[in-house]
Amino acid sequence: MNKRRNRERYHKKINKISYIYIISITILILLLFLLTFLSLLNIGNSKILHNIYINNISISSLSLDDAKEKLNSELNANLLHPIKLSFEDYSIDFLPAEIDFSYDLSSALENAYGFGRTGNIFSNNLEILKSLFKKTNFNVEYSYNEEKLNNIINSISVDIPNVVIEPSYYISDDTLIITNGTNGYELDKNQIKESLIS
């Protein structure tokens, strides 16, 4: 009798384990089919994934041409607004065009469009699922003429009121002449450049 009960328990235990294996394998196969389906669906999709942004401008579900047009209109609108620097009573305005400022949209658009398309099937699916729940932002590269920006900053540093005048000396007719400096303000050129470009 004991042997029979032990055998029944053993078979029930094996049946439970078998069911668990069968259910686990079924879930795994369904998951693989789902991931494959997502990948194939995305390959055939010519639009950018959901929740994709460039410079915090949503380009979700747009074609490449539509996204480029939208970014051009919004970013180029920024280039029309003058940059104003002011200190006490002094103020200067200049346009980004004066330093040849421009955006490189092509690499940012390529990265945004390639999101969920350029890796292997597993990394692509992970990116696709991530884009459903989390915002992904790509930054646009930009360029400017550094020499022109430096010229503007240098002219500002000379024109601001109450500028520091360093003490100096010179020799005239065998006489050493020393001129006193004055206290004042000095422009941190590197900090100004960083705040303008960022």
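Quick word on the overall build of the protein
Okay, step 1: Across its full length, the protein holds six helices and nine strands.
Okay, step 2: Within the span of the protein, comprising 198 residues, buried residues form 24% of the whole.
Okay, step 3: Expressed as a percentage of contacts within the protein between residues at least 6 apart in sequence, the contacts between residues at least 24 apart total 61%.

Quick word on the pairing of strand β4 (residues 90-94)
Okay, step 1: Taken together, the five bridges between strand β3 (residues 83-87) and β4 define a ladder with antiparallel strand orientation. Paired with Lys-84 across the bridge in β4 is Asp-93.
Okay, step 2: Hairpin connection between β3 and β4: a loop of two residues separates the two successive antiparallel strands, and Glu-88 in this loop has a positive phi of roughly 50 degrees.

Side note on the packing of helix α5 (residues 146-159) against helix α6 (residues 189-197)
Okay, step 1: Across the interface, α5 lies against α6 with an axial gap of 11 Å and an inter-helix angle of 125 degrees. As far as their axial angle goes, α6 and α5 are oblique. Of the two elements, α5 crosses α6, and the hand of that crossing is right-handed. Where α5 approaches α6, its residues Glu-146, Leu-149, Asn-150, Ile-153, Asn-154 and Ser-157 are matched on the opposing element by Lys-189, Ile-192, Lys-193, Leu-196 and Ile-197.
Okay, step 2: The residue makeup of the contact of α5 with α6, split by class, is five nonpolar, three polar and three charged.

Topic: the packing of aromatic side chains
Okay, step 1: Counted by the stated rule, this structure contains three aromatic pairs.
Okay, step 2: Their ring planes at 20 degrees and their centres at 5.4 Å tell us that Phe-101 and Tyr-142 sit as a pair that is stacked. Highlighted residues: Phe-101 in the loop between β4 and β5 (102-104) and Tyr-142 in strand β7 (residues 141-143), separated in sequence by 41 residues.
Okay, step 3: Measuring from ring centre to ring centre gives 6.0 Å for Phe-115 and Phe-138, while their planes differ by 75 degrees; the resulting arrangement is edge-to-face. One end of the pair, Phe-115, is in the loop between α3 (105-114) and α4 (121-133); the other, Phe-138, is in strand β6 (residues 136-138), and 23 residues separate them in sequence.
Okay, step 4: Residue class for Phe-138 comes out buried when judged on its relative accessible area of 17%.
Okay, step 5: An aromatic cluster is defined as three or more aromatic residues linked by ring pairs; in this entry it consists of Phe-101, Tyr-103 and Tyr-142.

How each quantity is defined
- Residue positions are given per chain, counted from 1 along the sequence in the order it is written.
- Restriction of local features to residues with pLDDT of at least 70 applies here, the model being predicted, together with a cutoff of 80 or more for giving and counting side-chain atom pairs; totals for whole chains, interfaces and linings are based on all residues.
- Excluding hydrogens and water, the side-chain values take into account all heavy atoms of the structure.
- Under the DSSP-based scheme used, a helix requires at least four consecutive residues in state H or I and a strand at least two consecutive residues in state E, with every element numbered from the N terminus.
- Burial status follows relative accessibility: with a 1.4 Å probe on protein chains alone, a residue under 20% of its type maximum counts as buried, one over 50% as exposed, and anything between as partly exposed.
- Working rule for contacts: check all heavy atoms of both residues, and any pair within 4.5 Å makes them a contact.
- Should DSSP find at least two bridges between two strands, the strands are regarded as paired.
- Lines are fitted to the C-alpha atoms to define the axes, a helix being fitted only along its stretch in contact, and any angle between axes, read from their N-to-C directions, falls within 0 to 180 degrees.
- When an angle is under 35 degrees it counts as roughly parallel; over 145 it counts as roughly antiparallel; between 65 and 115 it counts as roughly perpendicular; any other value is oblique.
- The sense of a crossing depends on the near helix, which, turned anticlockwise from the far helix by less than a right angle, makes the crossing left-handed and, turned clockwise, makes it right-handed.
- Put simply, Ala, Val, Leu, Ile, Met, Phe, Trp, Tyr, Cys and Pro go in the nonpolar bin, Asp, Glu, Lys and Arg in the charged bin, and everything else, Gly too, in the polar bin.
- A pair of aromatic rings is counted whenever rings of Phe, Tyr or Trp (Trp by its six-membered ring) have centres within 6.5 Å, and the orientation is called stacked for planes under 30 degrees apart, edge-to-face for over 60 and tilted otherwise.

Nothing here speaks to function; it is all geometry.
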